[in-house]
Amino acid sequence: MTADTISPSRPTGTALVLRHLRRDRTFVAGAVIVALLVALALLAPVIAAVVGHGPDAQFPDIAIDESGIPITGGHGFLLGADALGRDVFIRVLYGARVSLVIGVVSTTAAMLIGVAVGLVAGYWRGWADAVLSEVTNVTLAFPMLLTALSIAALNRAPGGSTYVSPPVVVVVIISLFSWTYFARVVRGVVIDVTNANYVKAAIGAGSPSSWIVLREILPNTAPSVIVYWAVQLPTNIMAEATLSYLGVGIRTPQASWGLMISEAQTSGLYVAQPMMLIAPCLALFVTVLGFNIVSTRLRAHLDPDKKG
Amino acid sequence: MTRSIGVRALRMLLTILLVTLVAFLLTKVAYANPARSLAPENASPETVAQIAASLGLDEPWWVQLRYFLFGGPAIKGVRTGLFTVPPSLGYSFREQRPVLDLILEKIPVTASLAIGALVIWMTISILSGVLATRRPQGLFDRASSTVSYALLSLPVFVTGVLLLYFGYYRLTLAGIDVFPSGGYVPLTESPGQWARHLVLPWLTLVLYEVGVFQRVVRGAVLDVSSYDFIRTARAKGAGWWRVSFGHALPGALTPILTLAGIEFASILGGAIVTEQIFGLDGVGRLAVRAALTGDGPVVIGCTLFAAVVFVVITAAVDIVIDVRARRAR
């Protein structure tokens with residue numbers, strides 16, 4: 001009998017959790033929001049092709065009136081146009097792709113760093129633990145936005161271009177500031193599990209450390225790691241929007257909700273065409289809300305310490 | 001107790017030293033040639049080199065780090081050296097002033113924003129969080145938890161932009177001139193104007209933080225409400241209000257205080273987004289301007305300020321929690 005078959009969390013555990021989740025109406029509502037969002041993001045090129053407006057295509061002739069004000073609708077512009085005569089609706093859809101990809105990639109990168117740090121710190125303890133906990137302290141004490149501004153300055157090449165693609169920089173910044181959460185959770189689980197009899201048995205049987213850590217301990221961190229991945233994802237989506245809003249994230253002409261909000265505000269044209277401002281705000285809000293609902297309910301069902 | 005505080009102080013110092021080192025190196029790399037950006041547009045390379053030499057910028061980075069930490073040649077009469085008495089954070093080439101003076105002068109703005117927001121969000125969160133435990137899953141609990149979810153899902157910059165739009169623009173358009181679009185008036189000059197200028201920025205931070213804290217307060221109070229000391233209090237005939245606010249809340253304070261310390265420290269270290277939106281000239285705005293114009297010494301100074309604020313406040317909260325735990329035993 002291997003450790004896997006006596007581990008209490010699977011496979012019956014997974015089926016049980018899924019059954020509970022299906023009956024949880026709040027969770028289902030959140031999951032529907034998330035599913036719709038993913039579908040819209042995937043379908044963005046199709047919808048753009050049907051409407052006939054590319055995300056960066058400018059239609060100054062039909063979408064901006066004589067006084068230079070973008071139209072609020074009509075001509076196939078569902079939510080009107082922005083200052084350059086681009087379709088706000090199509091850009092909001094493309095913004096979903098940016099939000100989701102950067103959110104998922106940066107959260108996953110943070111998870112990998114955090115799990116590695118947590119495993120090493122929790123299993124080997126001693127000086128490795130001390131060093132890694134100091135690295136965590138330094139990371140927590142560092143102001144994220146200010147550092148992001150410095151890194152963006154670092155990435156500014158002469159002539160207005162950049163050395164590294166801005167989305168990559170955004171992912172690096174966000175993951176560098178969000179792994180600590182995973183490390184702390186994993187370290188805690190590892191310390192608990194290392195005292196369990198089956199791990200002691202594996203140590204006593206002379207299994208190599210790497211085997212014990214990867215095969216006996218790592219699987220036990222999965223429920224917590226999944227929950228915290230889901231908890232961190234909406235936070236990181238907000239971080240991307242904030243960085244892009246401050247001008248150190250995604251750069252124009254690529255569509256990002258944070259950037260769209262910033263463009264609407266600086267041009268001041270949202271006063272005449274409110275959808276320039278309202279649409280990306282609403283999209284960001286609904287997205288983060290959907291993921292917050294899903295993660296909170298997931299946590300209630302999966303995290304043994306958290307009830308309700 | 002004294003020993004644990006001593007150990008903690010040493011670790012804090014280590015953390016701050018490491019932050020200084022990383023911030024220093026990052027700034028040196030990010031703003032590669034500050035002399036170049038200081039020189040006139042069409043200055044010759046010789047002129048740039050001259051400026052660099054006169055400011056000690058042509059030394060290798062470890063020498064510059066030594067200057068920064070332990071003092072080096074004075075720049076325009078301003079000493080350097082973080083570990084000298086009194087400490088100095090160097091000289092801002094852009095603003096032509098000592099960095100420490102620049103930061104100290106901005107602290108009242110950021111502190112007004114952070115302290116006011118803290119008081120308001122904690123009051124709202126504690127009241128609504130504790131009230132929600134009166135009947136778990138009852139009407140108030142469900143309504144307040146829905147509102148919390150919504151607030152938690154609004155990034156601070158979105159709230160700020162929307163508040164500016166509705167609270168300033170639409171109201172002014174309607175002839176109701178209650179809130180200014182931004183700016184700051186010192187408390188000592190006019191308390192009324194001070195508050196009037198800060199209402200929208202406070203609200204921006206408060207709305208998000210209530211989303212975070214309301215559920216934390218509710219959860220923490222619910223967790224302790226099944227403990228014996230709560231049942232004892234109830235059995236002795238204490239009313240719901242007395243039990244909740246007099247017994248359960250104090251028993252549930254640890255996670256609430258820890259999180260409050262972290263959030264408050266992050267804001268006090270420079271509320272970059274809020275200060276930027278409402279044109280509040282605080283530490284955060286100083287940092288943004290420095291980062292955008294390549295004013296390295298100010299960026300290091302602001303990073304260090306944020307780190308010190310974070311480390312000191314979280315440690316202070318830890319000590320308060322320790323003392324409470326000891327007293328309870």
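Nothing here was measured: the structure is a model prediction, and the numbers come from that model.

Rules used throughout
Residues numbered from 1 in each chain as written. Chains lettered and ligands numbered in written order. Predicted model: local features only at pLDDT ≥ 70, side-chain atom pairs only at ≥ 80, totals over all residues. Helix = DSSP H or I, 4+ residues; strand = E, 2+ residues; numbered from the N terminus. Contact = placed C-beta atoms within 7 Å. Buried ≥ 20, exposed ≤ 12 C-beta atoms within 10 Å, placed from the backbone. Nonpolar A, V, L, I, M, F, W, Y, C, P; charged D, E, K, R; others polar. Domains from an automatic or database assignment. Core = buried A, V, L, I, M, F, W, Y, C linked by C-beta atoms within 7 Å. Axes fitted to C-alpha atoms, helices over the stretch in contact; angles between N-to-C directions. Left-handed = near helix turned anticlockwise from the far one by under 90°. pLDDT = per-residue confidence, 0-100.

## Side note on the overall build of chain A
When you go through chain A residue by residue, the secondary structure sums to twelve helices and zero strands. What you see in chain A, going N to C, is helices and strands ordered as α-α-α-α-α-α-α-α-α-α-α-α. The contacts in chain A between residues at least 6 apart in sequence include a share of 70% that link residues at least 24 apart.

## Side note on the overall build of chain B
When you go through chain B residue by residue, the secondary structure sums to 14 helices and two strands. The 329 residues of chain B split such that 38% are buried.

## Observations concerning the interface of chain B and chain A
Contacts between the two partners involve 39 residues from chain B and, on the opposite side, 30 residues from chain A. Elements supplying a minimum of two residues to the side of chain B that touches chain A: helix 1 (2-30), helix 6 (139-152), helix 7 (156-173), helix 12 (272-277), helix 13 (283-293) and helix 14 (296-328) of chain B. Here the residues of the side of chain B that touches chain A sort into 31 nonpolar, eight polar and no charged.

## With respect to the environment of Pro 208 of chain A
All names here are of chain A. Considering the arrangement of structural elements, one finds Pro 208 in the loop between helix 9 (197-204) and helix 10 (209-245). You can call Pro 208 exposed: it has 9 C-beta atoms within 10 Å. On a C-alpha basis, the gap between Pro 208 and Ile 71 in space is 68 Å, while along the polypeptide they are 137 residues apart.

## Digging into the domain arrangement of chain B
We note that the domain assignment places domain 1 (31-87) and domain 2 (99-328) within chain B. Taking only C-alpha atoms into account, the centre of domain 1 of chain B sits 39 Å from that of domain 2 of chain B.

## Here's the deal with the nonpolar core
Phe 182 of chain A together with Ala 287 and Cys 302 of chain B are the most contacted members of the largest nonpolar core, which has 162 residues in total. When residues in this core are grouped by element, the largest group, 16 residues, is from helix 5 (residues 88-124) of chain A. Filtering out sequence-adjacent residues up to four positions away, Cys 302 of chain B remains in contact with Leu 146 of chain A together with Ile 103, Gly 270, Val 283, Leu 286, Ala 287 and Ala 290 of chain B.

## Some remarks on the packing of helix 5 of chain A against helix 12 (residues 275-302) of chain A
Residues and elements named next belong to chain A. At their nearest, the axes of helix 5 and helix 12 sit 10 Å apart, and the two run at 30° to each other. In this structure, the crossing between helix 5 and helix 12 has a hand that is right-handed. Only Met 275, Met 276, Ala 279, Pro 280, Ala 283 and Thr 287 of helix 12 make contact with helix 5, whose side of the interface consists of Val 88, Val 92, Gly 95, Ala 96 and Ser 99. Partitioning the contact of helix 5 with helix 12 into residue classes produces eight nonpolar, three polar and no charged.

## What to know about the environment of Tyr 169 of chain B
As for its position among the elements, Tyr 169 of chain B is in helix 7. Note on Tyr 169 of chain B: 14 C-beta atoms within 10 Å, which makes it partly exposed. Contact partners of Tyr 169 of chain B, with chain neighbours within four places excluded, come to Val 271 of chain A together with Leu 164 of chain B.

## A look at unusual backbone geometry
Despite not being glycine, Arg 125 of chain A has its phi angle at roughly 45°, a positive value. By secondary structure assignment, the location of Arg 125 of chain A is in the loop between helix 5 and helix 6 (126-141). With a phi angle near 70°, Gln 137 of chain B is a residue other than glycine that sits in the positive phi range. In this fold, Gln 137 of chain B is placed in the loop between helix 5 (99-132) and helix 6.

## With respect to the packing of helix 5 of chain A against helix 10 of chain A
Residue and element names in this part refer to chain A. Helix 10 packs onto helix 5 with a crossing angle of 140° between their chain directions and a minimal axis gap of 8 Å. Read as a crossing pair, helix 5 and helix 10 show a hand that is right-handed. Side by side, helix 5 and helix 10 meet where Ser 99, Ile 102, Gly 103, Val 104, Ser 106, Thr 107, Ala 110, Met 111, Val 115, Leu 119 and Tyr 123 of the first sit next to Val 213, Ile 217, Leu 218, Thr 221, Val 225, Trp 229, Gln 232, Leu 233, Asn 236, Ile 237 and Glu 240 of the second. Taken together, the residues of the contact of helix 5 with helix 10 sort by class into 14 nonpolar, seven polar and one charged.

## Describing the confidence of the model for chain A
A residue-level look at chain A finds 94% of positions with pLDDT of 70 or above and a mean pLDDT of 86. The low-confidence segment residues 1-5 of chain A (pLDDT under 50) makes three contacts with residues lying over four places distant or belonging to another chain.

## Quick word on the environment of Thr 47 of chain B
Residues and elements named next belong to chain B. Secondary-structure assignment places Thr 47 in helix 3 (residues 45-54). Overall, the presence of 13 C-beta atoms within 10 Å leaves Thr 47 in the partly exposed class. Separated by twelve residues in the primary sequence, Thr 47 and Ala 35 place their C-alpha atoms 9.2 Å from one another.

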